[in-house]
Amino acid sequence: MSATTEPLTIDVVSDVVCPWCFIGKRRLEKALALRPELPTQVRWNPYFLNPWIPREGISRDEYLRTKFGSVERYKQISERIVEAGKEEGIPFAFEKMTRQPNTLDSQRLIRWARTEADPSRVKERLMQLYFLEGGDLSDPEVLVQAGVDCGMDGELVRRLLASDADVAEVTQAAQQATEAGISGVPCFIFGGLLAVSGAQPAADLAAAIDRGVAEREKREAAA
């Protein structure tokens, strides 16, 4: 246990259209449940898995052909994702997905939730919409409803989405993650000191939390 009363920050760099990020979110939640005595603060940081996709999105089939070569090839790749999802209570429904969105607006919505709602709840809802319900995250009204579902002011969200609010800030944050060497997500950064890449098992993430606390204590003792 850290001597400080300050929560251990856990920065998660991820994208809402990354299935392993959804799995990683659930595994992080399990890891936190293994350390109930430790105060933590989870912060969601943007990453663009597919920055080349236009703001209006493209068809899911076009995306799969462009990125994976064919729809059938992705079906083979996704079998492992589906099995991992089942273990974490995520019933991936890839067959319902018809659109591949650009996620700038989704990342803006998560950012706004810092003051309007719970960013973790908004992140979860967006992933549910995309992976379980086949929702089109390119549609502003889908994002408005996601915000409302999480306690946000729908009219405010609608106005913000129609503006350029935080476009530059979110884009810069995502670029900074790439410039810092993050090329795969999810990436978990514990206390700003220890980075763990990939949707690691909950026990491994809990161990990383312990290492983050130990490293923080070492830094504090040396200060």
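Keep in mind that what you see is a predicted model, and the values were worked out from it rather than measured.

**Here we look at the packing of aromatic side chains**
Considering all chains together, one arrives at 11 aromatic pairs under this definition. Ring geometry for F68 versus Y74: centroids 4.8 Å apart, planes at 50 degrees, classification tilted. Note on accessibility: F68 and Y74 belong to one class, buried. Aromatic side chains F92 and F131 sit 5.2 Å apart centroid to centroid with 85 degrees between the ring planes, which places their arrangement in the edge-to-face category. Pair noted here: F92 is in the loop between α3 (71-87) and β4 (99-100) and F131 is in helix α5 (residues 119-132), with a separation of 39 residues, a long-range link. Aromatic ring contacts, followed pair by pair, group F22, W52, Y63, F68, Y74, F92, F94, Y130 and F131 into a single cluster.

**So, the nonpolar core**
If you look at the biggest cluster of nonpolar residues, it comprises 59 residues, and the most contacted ones within it are F92, L109, V122, L126, F131 and F190. Here this core takes 7 residues from α5, the largest share from any one element. Here L126 is in contact with V16, S106, L109, I110, L137, L143 and A146, once residues within four sequence places are set aside. Grouped together as the second largest cluster of nonpolar side chains are 5 residues, F48, L104, V167 and V170 included.

**Side note on the layout of surface pockets**
When its volume is computed, the largest pocket comes out at roughly 250 Å³. If you trace the largest pocket, you find 22 residues lining it, with P19, L49, F68, Y74 and I81 closest to the centre. Listed by contribution, the elements that provide at least two residues to the lining of the largest pocket are α1 (19-33), α2 (60-68), α3 and α5. Split into classes, the residues belonging to the lining of the largest pocket amount to 16 nonpolar, 3 polar and 3 charged. Residue lining of the second largest pocket: R60, D61, L64, V71, Y74, K75, S78, F94, E95 and M97, and that is the complete set. Of all the elements in the fold, those that place two or more residues in the lining of the second largest pocket are α2 and α3. Among the elements that make up the lining of the second largest pocket, the one with the highest residue count is α3 (4 residues). For the lining of the second largest pocket, the residue count by class is 5 nonpolar, 1 polar and 4 charged.

Basis of the calculations
Residues numbered from 1 in each chain as written. Predicted model: local features only at pLDDT ≥ 70, side-chain atom pairs only at ≥ 80, totals over all residues. Heavy atoms only, no water. Phe/Tyr/Trp six-rings, centres within 6.5 Å; stacked < 30°, edge-to-face > 60°. Buried < 20%, exposed > 50% of the residue type's maximum accessible area, 1.4 Å probe, protein only. Helix = DSSP H or I, 4+ residues; strand = E, 2+ residues; numbered from the N terminus. Core = buried A, V, L, I, M, F, W, Y, C linked by side-chain atoms within 4.5 Å. Contact = heavy atoms within 4.5 Å. 1 Å grid on protein atoms, 1.4 Å probe; cavity = no way out; pocket = protein on both sides within 12 Å on 5 of 7 lines; lining within 4 Å. Points joined across faces, edges and corners; volume = space filled by probe spheres on them. Nonpolar A, V, L, I, M, F, W, Y, C, P; charged D, E, K, R; others polar.

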